[in-house]
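Notes for the structure review
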Amino acid sequence: MMRPNQDHKHYLNDFLGPNLGYLMDQFERFQQDPLSVDEEMRALFTDMNEADLYNLDTPTANEVNLPAVGNEKMFAAIKLADAIRTYGHLAADIYPLGNHQPDKTHLDFQSYGLAESDLRNLPAGIISKNSALVNKSAYEAVEYLKQLYTNTITYEFEHVHDMNEKNWLMERIENADRQFHFSKEKKLTLLNRLMEVEEFEKFLHKTFVGQKRFSIEGLDIMVPLIDEIISRAVDGGADTINIGMAHRGRLNVLAHVLGKPYEMIFAEFQHAPNKELVPSEGSIGINFGWTGDVKYHLGLNRELKGVNEKTAKITLANNPSHLEFVGAVVEGYTRAAQDERNQPGYPKEVSDSALSILIHGDAAFPGEGIVAETLNLSRLRGYRTGGTIHIIANNMIGFTTESYDSRSTRYSSDLAKGFEIPIIHVNADDAESCIKAALIAAEYRAVFHKDILIDLIGYRRFGHNEMDEPMATNPKIYSLVQKHPTVKEIYEKNLLSEGIANEKEIGELQSAITQRLQEAQQKVAKVEKAEDLHIPDPPNFTDDQAAINTAVPLDTLKQMNQELLQWPNDFNVFHKLVKILKRRMNALEENGKVEWALAESLAFASILADGTPIRFTGQDTERGTFAQRNLVLHDEQTGETYLPLHHLSSAKASFAIYNSPLTETAVVGFEYGYNVFSPETLVIWEAQFGDFANAAQVIFDQFIAAGRAKWGQKSGLVMLLPHGYEGQGPEHSSARPERFLQTAAEKNWTVANVTSAAQYFHLLRRQAAQLLREEVRPLVLMSPKSLLRNPLVASTGSELSNGRFEPVLEQFTFSRDDSKVERIVMCSGKIAIDIVEQVKDGAGYDWLQVMRLEEIYPFPTDRVKQLFTKYPNVKEVFWLQEEPKNMGAWTFVEPRINEQTSNGITVQYIGRRRRSSPAEGEPNVHKLIQSKILAAALTRSDEGGNRNG
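Note that the structure is predicted; figures quoted are calculated from it, not measured.

**Section: the overall build of the chain**
Each helix and strand in the chain was counted, giving 33 helices and 27 strands. Expressed as a percentage of the 949 residues in the chain, the buried residues total 58%. For the chain, contacts bridging at least 24 residues in sequence account for 79% of all contacts bridging at least 6. Element-wise, carbon and sulfur atoms account for 48% of the exposed surface of the chain, whose accessible area totals about 38,800 Å².

**Remarks on the sheet that holds strand β19 (residues 718-722)**
Taken in spatial order, the seven strands line up as β17-β14-β18-β19-β21-β20-β25 in an open sheet, and their pairing is mixed. Where the open sheet ends on each side, the last strands, each with one partner, are β17 (655-659) and β25 (855-857). The average undirected angle you get between the axes of adjacent strands in this sheet is 20 degrees. Here strand β20 (residues 750-752) pairs with strand β21 (residues 779-783) via three bridges, running parallel. Note on β21: the bridge partner recorded for Thr 750 is Leu 779.

**A closer look at the pattern of salt bridges**
Under the defined criterion, the tally for this structure stands at 51 salt bridges. Measuring nitrogen to oxygen at the nearest pair gives 2.8 Å for the salt bridge that ties Glu 196 to Arg 516. Of this pair, Glu 196 sits in helix α9 (residues 184-207) while Arg 516 sits in helix α20 (residues 503-526), and the two are 320 residues apart along the sequence. According to the relative accessible area criterion, Arg 516 is partly exposed, its value standing at 36%.

**Things to note about the packing of helix α12 (residues 262-270) against α20**
The contact between α12 and α20 brings their axes to 9 Å, and the two run at 50 degrees. By the angle between their axes, α12 is oblique relative to α20. Viewed along their axes, α12 and α20 form a crossing whose handedness is right-handed. Side by side, α12 and α20 meet where Tyr 262, Glu 263, Phe 266, Ala 267 and Gln 270 of the first sit next to Arg 516, Leu 517, Ala 520, Gln 521, Lys 523, Val 524 and Ala 525 of the second. Looking at the contact of α12 with α20, its residues break down into seven nonpolar, two polar and three charged.

**Remarks on empty space enclosed by the protein**
Tallied over the full model, the rule gives eight cavities of 30 Å³ or more. Lining the largest cavity we find Asn 561, Leu 564, Leu 565, Leu 581, Arg 584, Leu 598, Ser 601, Arg 629, Asn 630, Leu 631, Leu 633 and Pro 644. Among the elements of the structure, α21 (554-564) and α23 (596-609) are those that each provide at least two residues to the lining of the largest cavity. Its residues assigned to classes, the lining of the largest cavity shows seven nonpolar, three polar and two charged. Taken as a whole, the second largest cavity encloses approximately 80 Å³ of empty space. Lining the second largest cavity, in full, are His 723, Pro 737, Asn 753, Met 782, Ser 828, Ile 856, Trp 879, Leu 880, Gln 881, Glu 883, Gly 888 and Ala 889. In terms of residue count, strand β26 (residues 876-884) provides more of the lining of the second largest cavity than any other element does, four residues in total. Residue classes in the lining of the second largest cavity are distributed as six nonpolar, five polar and one charged.

**Here's the deal with the sheet that holds β26**
Spatially, β22-β24-β23-β26-β27 is the arrangement adopted by the five strands of the open sheet, whose pairing is mixed. Looking at strand neighbours, the two that pair on one side only are β22 (808-810) and β27 (908-912), the edges of this open sheet. Between one strand and the next, the sheet's axes are offset by a mean angle of 25 degrees, whatever the strand orientation. Pairing between strand β23 (residues 823-827) and β26: four bridges, direction parallel. Across the sheet, Val 825 pairs through a bridge with Phe 878, a residue of β26. Of the strands in this sheet, β23, β24 (848-853) and β26 touch helix α30 (residues 830-839), which is tilted by about 115 degrees from β26. The strands touched by helix α32 (residues 890-898) within the sheet are β23, β24, β26 and β27, with β26 carrying the most contacts at an inclination of about 170 degrees.

**Focus on the packing of aromatic side chains**
Here the distance between the centres and the angle between the planes together describe a pair of aromatic rings. Within the structure shown, the criterion is met by 26 aromatic pairs. Consider the rings of Phe 700 and Phe 740, whose centres lie 5.1 Å apart with planes at 90 degrees: the pair is edge-to-face. Of this pair, Phe 700 sits in helix α25 (residues 697-704) while Phe 740 sits in helix α27 (residues 737-742); the two residues are 40 residues apart in sequence, bridging distant segments of the chain. A relative accessible area of 1% means that Phe 700 is categorised as buried. Residue classification places Phe 740 among the buried residues on the basis of a relative accessible area of 4%. Taken together, the aromatic side chains of Phe 200, Phe 203, Phe 208, Tyr 262, Phe 266 and Phe 269 make up a single cluster linked through ring pairs. Directly above the aromatic system of Trp 567 lies the positively charged group of Lys 582, at a separation of 4.8 Å from the ring centroid. If you follow Arg 896 out to its NZ or CZ, it ends over the ring of Phe 892, 3.8 Å from the centre.

Cut-offs used in this document
Residues numbered from 1 in each chain as written. Predicted model: local features only at pLDDT ≥ 70, side-chain atom pairs only at ≥ 80, totals over all residues. Heavy atoms only, no water. Helix = DSSP H or I, 4+ residues; strand = E, 2+ residues; numbered from the N terminus. Buried < 20%, exposed > 50% of the residue type's maximum accessible area, 1.4 Å probe, protein only. Contact = heavy atoms within 4.5 Å. Areas by Shrake-Rupley, 256 points an atom, 1.4 Å probe, with all protein chains shown as cover. Pairing = 2+ DSSP bridges. Axes fitted to C-alpha atoms, helices over the stretch in contact; angles between N-to-C directions. Salt bridge = Lys/Arg side-chain N within 4 Å of Asp/Glu carboxyl O. Parallel < 35°, antiparallel > 145°, perpendicular 65-115°, else oblique. Left-handed = near helix turned anticlockwise from the far one by under 90°. Nonpolar A, V, L, I, M, F, W, Y, C, P; charged D, E, K, R; others polar. 1 Å grid on protein atoms, 1.4 Å probe; cavity = no way out; pocket = protein on both sides within 12 Å on 5 of 7 lines; lining within 4 Å. Points joined across faces, edges and corners; volume = space filled by probe spheres on them. Phe/Tyr/Trp six-rings, centres within 6.5 Å; stacked < 30°, edge-to-face > 60°. Lys NZ or Arg CZ within 6 Å of the ring centre and 35° of its normal.

The following block contains the structure:
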């Protein structure tokens, strides 16, 4: 802030009007606690005193031909003006029902030691730079500020620390020549929109009696408010608008913002087939799966034309009843739309090309932790979207719970203050003020590329879902609601009184809307209902994944490996890391071995060479939780970074890797949204430890597992979940594979637990190869921890260049007499390597075959059956796992293995007993139980042994 070689007294003269009030506030804080202000302010205040503040060359009353008053009065007036800006919202007329007592404590000039005459003897210029206040007194300026900040629209931005933003907001709010003008045409258009919104809800209410619709009524103005934001964004260059919202008002937004035809919505209420009601191709995009979803969860796409015939895509994201969780998904949509991924390196961010609009509930915004997680993404380089416009659809109640029981803050918007997000509170009954709020929000986002929030304060006209009686639980509010006019009625009355419209014009608008609704309903009524209900089936797509060629020529891999181990001569990689990386130099030679992290890097390099972009995030992804990856190199002297994957000669697409914030839910939602919106991109999320994924359970259950079945929403997202029992206790052992297997059906995702670097290499390449295919699905991978550097997991170069992913691997593949095999032990993941360490080359175990189930779901039925037929004298089949019996894969695989066995053999269990906690907390107890489990698997039946740990 402070300019070099500048006398601080002269510098202080730059602080005038509202900025001077800010300076005074900072000086008072400095006097109480020097560390409470930033370093530059401390430098400014260190060698000055209060007298310096009162002896500035500030414009005095003499300059505007008013008598001078003392400097103390001038500064008191400045403090009063700042108080109006800061606390005016407490006295503002922002509650439509008038059921809040205004607090004017901070607005009385007498509290600041001022009389009216004092203010009349001071110039307006010390209060505001509004051009309309030239030659006016500070008294008139104060009254003007009161009118601005205590009206039906008011503002909170004291928590925004950047002075450029503060000044911009003050200038935008207070400058008279920039106030908003509503032409007659704009007023009539707004009235017509309000009529459409209200009549649509009324028509549903009387036509489909007793059906849930989660009406927008009480917040009707939200639709034209969204219209205005979208229009401004498209005119400003955006070609993608993504909207996330819960169910309240969703049908109205679908109908009027997204353009979903009335007849389609009516058909969903009436359960009539709607395939004949879809309008001409290209006008809207309709996504649905085979199980479908309720009408107020469904999303839509729409093409919109803006200025100069510019086309923009508007998407309302599908959303479950889990309210705020869609916000993170929509942010992922938007970042995907902004990133240009067709060149090596990080994607180029074009933030003006796409906009997120998130609509929140007033109870959910402070109540759901996912909101804070998503807000925290807004300024992070891996997740920022150039500013989101948030709207709180504030009906002052959550189901039947009133605000005093649902939050500990004054406003539902207060959470946003911690992220320095400006807040606009606006009365939903003042239509033009709401449009003004939309315009300010759109301009602020365009200028500062930061989030901004509109707290749209209204009410809810009916009960939560139109089927319950709100007077039973909230009589005080609803006694007011029942007598309260709608915003359409209020605005219509205003236009009549202004002479903007007459009764005839309004009647014609009303009739046209009613006619459209009736015609749409008649069209639905003519569609014959299906006589028999049909249960839809999942898509019957070809799923021959074995046919995908994932091998890469060895010479190509060697070239990539050499380039991955190169960095500029003047780049100082940490010396210990250099030694580790250089060990990879000969990994692909005849006697070399490719460990897990190198196989991953080579997979990434080859995928980029195929032209597929990659996005990879997680809490410690750049280095890897277990220091295994190190894709981002750091100069130990300068701290600068270098990514060899960005400099591959063969790369044809971008590679983005980011360490994520310490959250799972918002980040997994974001990555899912990114992948859905850019299906050609290999998007990977890695948990720090696999069980951390359970913090994102809503995203897994409601979106990733079921999104395609409910909404037809395809995803190829990869989730790496470190899993394995190494005695680290309950929280760092299990990635809870049983939860993913429980929801595995209809080929909704792949669940794998692989045991070699080559298998991982081919699995990643297979996933990338099918991203744009019909059979694409998410990949849930139980990734290793201790196995990352285990030589038994490392692979040869030829396994990468000649092999492919195998869903089942046999442990003993050398020449042996298959007729001697009497026991088959099936297992998955790390415990298979534990067995290898026990049996080594298999000598003395000609009676045993171990099968590693690498892909648990879809279960490789044909391959398992084929392998079983190799061993005609098998007497026992066991499933071995290190997880407790009620966890892991046992419950899932038992019936599937039994279907493939013969001679009446049924699979038996070896592992830990049923438990409530995933693992032991004592390492030595873990080792003891693990050894017993392995001994049971490797001990012949006639030798005894405990099968359950």
